[in-house]
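Okay, here's what each chain looks like letter by letter:
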Amino acid sequence: MLSITRSFLDPQILSRLAAVPLRPRHAMQGNVSGRHPSPHRGSSVEFAEYRKYVPGDDLRRLDWRAYGRTDRYYVKEFEADTNLRCCVVLDTSGSMGFASKGMMTKLDYGRRIAATLGYLAVQQGDAVGLSLAADQIVQNIPPRRSAPHLRVIFDTLERAVAKGDTQLPSILDEIAETVRQRALVVIISDFFVDPSLLKRSLEHLRFRKHDIAAFHLLDQQEIDFAFGRPVRFVDMEGNTALFVEPNEIADRYQRALQNYLNQMQKIVLETSVDYHRVLTSESYEHPLMRFLVGRTGSRGVR
Amino acid sequence: MSFLQPWMLVAIPLAAIPIIIHLVNQRRFQTVPWAAMRFLLEANRMSSGYTRLRQWLILAMRTLAILALILFTARPLTSGLLALLSGDSNTRAIVILDRSPSMADTLPGTIRTRLESTIDQLSSTFETLGIQRIVQIDEASGKPEEFASFNQWRRSVPRTTWSATSDIPGLLEQALVYEKNNPSGNSVIWIGSDLRESDWRSRDGRWAALRDGFQALPQNLRFSILDLSGNRPEDLAIRVTNSQCLDNTDTPTLSLSFRVDHTPAKDSSSNASDTPQSIPVEIAMGSSRTSLDLTWNSGGAQVNDYRIPLTAFDNSKAEGIRGWGWVRIPSDSNPGNDISYFVFEQPPLRRTLIVSDNPDLISAIELCASIAPQQTLKCETELVTQAQLGSVAMENVALLVWHDRLPSGKSLEVVQRFVDSGGQVLFVPPEAPDDTLAFGFRWLEWRNVGSPSNEAGANTDAASASFARISQWQNDSELLANTLNGAPLPLGQLGLRRICSFSGSSSPLASLSDGQPILAVVENQAVPTPEGSVLSAGSVVICGTTPSDRDSTLAGDGVVLYVAIQRMLANGAKRVSAVRQGSAGVDRNLVDATSQLKAGDENAPSTQYGMYAGIYDSNNALVAMERGVAEEDVSIVDEPGLAEAFGELKWARIGVGVRTTSLVQEIWRWFVLVMIAALLLEAVLCLPRLRRPAGGAIRTPQLAKQRS
């Protein structure tokens, strides 16, 4: 059993979530044998197909009964099970440091989701990696399945700070190229980027046959935009400042936000992203539970 | 718009409170680190026209609400320029009311006359404005009357018209004198009138003096003219033009002439009055009545020489035939001009007294005075010397011709009394003038003004050319006025050989080319009376020559001499007549408070008999007071006429409908409504727009699926 004494981990939530296995939506390519479907044939007990014998095949795998019936040599193949490589991409740009009064920052929220997912994955024998993304990949930890590796990930999460611009699309492109195919890529971000650029990056990941999941973190105040008097807004990712009368601009802000959310909805549908829009005001257990439960129906298409 | 509480207007800057709050609020911003900056920038780029307009509207509504509240507390008044001119409760109001007969119009659909309407509107205005210092200027009293309070003025203000034509310039002169003697900080002169030209006399020379006088006053003075000239209804007026007693027949007869004038309605466009219509005319003499139906059309009607036998009068009585009466038409919109009064008498003897030391020289004058111009008149002359003057009964003398040394001592006293009582005196130079002074003049000396070679008086053209001629004369004077058909008297044909110059204060009536007066009238002198001094009623005329052929051709060309003598006789006969015909207002001195009203307005104050038409018995003389002749003129003083009359003075003409009850009204209710409307609109604009629930925007697809 792993030690869970981090501030961003709640043992009770972990115990409840552990009851639901983390499953990919597609066949994964792992390093070792595991509990998830693999695109390759293996040695599991689950029959896959018959194949004609070719010289070099292991004679032990010849199906002598089939030979007796057909007078031909067939090799009996079985499905292969492999482990899961879960690559968590956590946005640590400046905007993730935003929190309305009394609430946790989006980065803290994302830290909890990432840590919980990593714990669950390692616990079921899957490998977990972590990429902190801001204006570049701040830190990249390749997926591994060992318990000490999880401690490294926790330490990395603990040290993460919200800083810098968001260059999430280019970072996702980089991850798509560097991470081996058929991995579970979990993106935790507020996605305050150009939707068209984001779409291209998601398509890139999809092209690499990754199973993409996205946790879209939003603060309640970003939705409501409830301010009583004139406010000077300072961009958390730069020095841009804007003086506005909230009552004047609220309608147009809501319109712009709604347009953006609609675009995001369209993009994730087109790119088959397992998309979860999350308010930081709700407990992180709920979106995670939705995430896990939503995957229980799929056994992984090979 | 003006205000009853104008000091409240100092609070108007408070209307800027919403703007100040807005600006302060702009300064009180908070700085917030913000993640979703891209949406803010995008929203900032979107069109903000309506939102910005909404914000400005909200600010404007808040400002308007406060402004309306302040104006409401300042108690605003209507009537624009009128209210601006009306001043406040500290302003002194000088009221001049046109009480001429035309102000007695009762308009269709109302029971109020123009005068009553004016007074009601003024009362309401003064009450609204809280004006307590009111001065009334009236023609009858002749002096401004001050009132201690508005209520006192309202109780005392006369609500009836009289028969005299108003003299607005004269009333304004009184106002000017009052303002000079009683300066006030702010004064408003209210003139309520129907703007008849006959009342305003806009071309009168007094207006220039009034303008200069009022402009020279240091106080702030304004004129508010309440114009009641609108909605003039159709009207018929009757007036007696002549009443004459004819006693040359067996039965004395009254010859009565009168006319009916028709004034169409001001806004009437129909020609209904062109068709002849009939109207009953009632004629009364004493207690007897008669009537006749008179046909009239748009031009009115005229009745000449309507004869009524005077069977009730006894010609043998000592006082002769004398009586009074009236003619009346049915009452219409203006009852003030539906009756006209007249008096009549047997024409009195026109007696001329000639005082002469050489009667032969003035025999032509005696002849002219003896020949009556009408068959009904009787003329008589008496020749006396100055020494016999004391024994002559002057009461029956109409004209005194004085051809002797100027009177002095007791003679002068007799002549003076004669003139003061209305007698006419003609002074003709004696043959030997001395330096006696009488009536402000004295004879100087005779001098020749014709050619010496023609002194023989040859009746040739050359002789005619040797006369001095009269080069100029006053044909607007009563004595030398043109004839009834407008032709001038032939004074230019008179020839003068010798004249006696005179010195003293007199007004020339006719002069030679060198300016030497040949005929002059002595200015009327003040006569002391118990009530004060008044001008003498008679007149004194000086003639600088005699009708002798040696001196002039007055006798030969006798037309001028005859006309002048008869005109003086006619004037002088009035003093011996027992009846008087006068015009109300102008001839107010014909009656006084001791006169007895025989017919007329029974509500007329006795002290103002002279302003009311009617029949009066004044000092055993019958006086018929008629409404002013100028009342027949219905022309109105237009805006340019008023502008010319008032010039640079602060004045305003306020068109007032007769149905109007008040000239100024408090309109605070409107400001309350404006305030409420502004607050309601502000509230509507401030209503938050209906937003979609926050959860709806971020509902995750999975959650939505579960919920469905």
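Residues numbered from 1 in each chain as written. Chains lettered and ligands numbered in written order. Predicted model: local features only at pLDDT ≥ 70, side-chain atom pairs only at ≥ 80, totals over all residues. Heavy atoms only, no water.

In this complex, chain B contributes 35 residues to the contact, which on the side of chain A involves 48 residues. Buried area between chain B and chain A, both sides added, is near 4,100 Å², and the carbon and sulfur share of it is 63%. Our count for the chain B to chain A interface comes out at zero salt bridges. Here chain B and chain A share eight residue pairs in polar contact (both at pLDDT 80 or more) between them. Breaking the side of chain B that touches chain A down by element, the ones donating at least two residues are helix 1 (17–27), strand 2 (30–34), helix 2 (37–45), helix 3 (49–73), helix 16 (694–698) and helix 17 (701–707) of chain B. Looking at the side of chain B that touches chain A element by element, the count peaks at eight residues for helix 2 of chain B. (Contact = heavy atoms within 4.5 Å. Buried area = accessible area lost by both parts, 1.4 Å probe. Salt bridge = Lys/Arg side-chain N within 4 Å of Asp/Glu carboxyl O. Polar contact = N/O pair within 3.5 Å; in protein donor to acceptor, adjacent residues only side chain to side chain. Helix = DSSP H or I, 4+ residues; strand = E, 2+ residues; numbered from the N terminus.)

Our focus in this paragraph is the pairing of strand 10 (residues 253–263) of chain B. Residues and elements named next belong to chain B. Of all 11 residues in strand 10, nine are buried, a share of seventy percent or more. For strand 9 (residues 235–246) and strand 10, the ladder comprises 11 bridges, and the chain directions are antiparallel. The residue bridging Asp235 from the neighbouring strand is Thr263, located in strand 10. Here strand 10 pairs with strand 13 (residues 301–309) via seven bridges, running antiparallel. Bridge pairing in strand 13 links Arg259 to Gln302. (Buried < 20%, exposed > 50% of the residue type's maximum accessible area, 1.4 Å probe, protein only. Pairing = 2+ DSSP bridges.)

Residues and elements named next belong to chain B. Pairing is antiparallel in the open sheet, where four strands are placed in the order 12-11-14-15. Edge positions in the sheet fall to strand 12 (288–296) and strand 15 (339–345), since each of these pairs with one other strand and no more. With direction set aside, neighbouring strand axes in the sheet form an average angle of 20°. Of the strand pairs in this sheet, strand 11 (residues 277–285) and strand 14 (residues 322–328) are connected by four bridges, and their pairing is antiparallel. Bridge pairing links Ala284 to Trp326 in strand 14. (Axes fitted to C-alpha atoms, helices over the stretch in contact; angles between N-to-C directions.)

Turning our attention to the confidence of the model for chain B. Parts of the prediction with low pLDDT should not have their coordinates interpreted in detail. All names here are of chain B. Confidence in the prediction of chain B, expressed as mean pLDDT, is 82, and 86% of residues score 70 or more. Long-range and interchain partners of residues 453–458, a stretch whose pLDDT sits below 50, account for eight contacts in this model, where long-range means more than four residues apart. Counted against residues more than four places away or in other chains, residues 700–708, with its pLDDT under 50, gives 11 contacts. (pLDDT = per-residue confidence, 0-100.)

Looking now at empty space enclosed by the protein. All names here are of chain B. Applying the stated criterion across every chain yields a total of four cavities of 30 Å³ or more. Roughly 220 Å³ of internal volume is contained in the largest cavity. Together, 21 residues line the largest cavity, and Leu519, Cys543, Leu554, Val560 and Leu561 are the ones closest to its centre. Contributing elements (two or more residues each) for the lining of the largest cavity: strand 25 (517–522) and helix 13 (558–576). Among the elements that take part in the lining of the largest cavity, helix 13 stands out by supplying five residues, more than any other. Its residues placed into classes, the lining of the largest cavity shows 20 nonpolar, one polar and no charged. Space inside the second largest cavity adds up to approximately 170 Å³. Along its surface, the second largest cavity is lined by 16 residues, and Arg196, Asp235, Thr263, Asn337 and Glu631 are the ones closest to its centre. Those elements giving two or more residues to the lining of the second largest cavity turn out to be strand 9 and strand 10. (1 Å grid on protein atoms, 1.4 Å probe; cavity = no way out; pocket = protein on both sides within 12 Å on 5 of 7 lines; lining within 4 Å. Points joined across faces, edges and corners; volume = space filled by probe spheres on them. Nonpolar A, V, L, I, M, F, W, Y, C, P; charged D, E, K, R; others polar.)

Bringing the sheet that holds strand 9 of chain B into the picture now. Residue and element names in this part refer to chain B. Strands sit in the order 9-10-13 across an open sheet of three strands; the sheet is antiparallel. The two strands at the open ends of the sheet, each matched to only one other strand, are strand 9 and strand 13. When the angles between neighbouring strand axes are averaged without regard to direction, this sheet yields 20°.

Next up on the list: the packing of aromatic side chains. Within this structure, the stated rule accounts for 39 aromatic pairs over all chains. Seen from their ring centres, A:Phe225 and A:Tyr253 are 4.2 Å apart, and the 20° between their planes marks the pair as stacked. On the criterion of sequence distance, the pair formed by A:Phe225 in the loop between helix 7 (220–224) and strand 8 (231–235) and A:Tyr253 in helix 8 (residues 246–270) is long-range, its members being 28 residues apart. With respect to class, A:Phe225 is no different from A:Tyr253; both count as buried. Ring pairing ties together the aromatic residues A:Phe98, A:Phe192, A:Phe225, A:Phe227, A:Phe233, A:Tyr253, A:Tyr260, B:Trp34 and B:Phe39, which thus form one cluster. Between the NZ or CZ atom of B:Arg99 and the centre of the ring of B:Trp162, over which it lies, the distance is 3.9 Å. (Phe/Tyr/Trp six-rings, centres within 6.5 Å; stacked < 30°, edge-to-face > 60°. Lys NZ or Arg CZ within 6 Å of the ring centre and 35° of its normal.)

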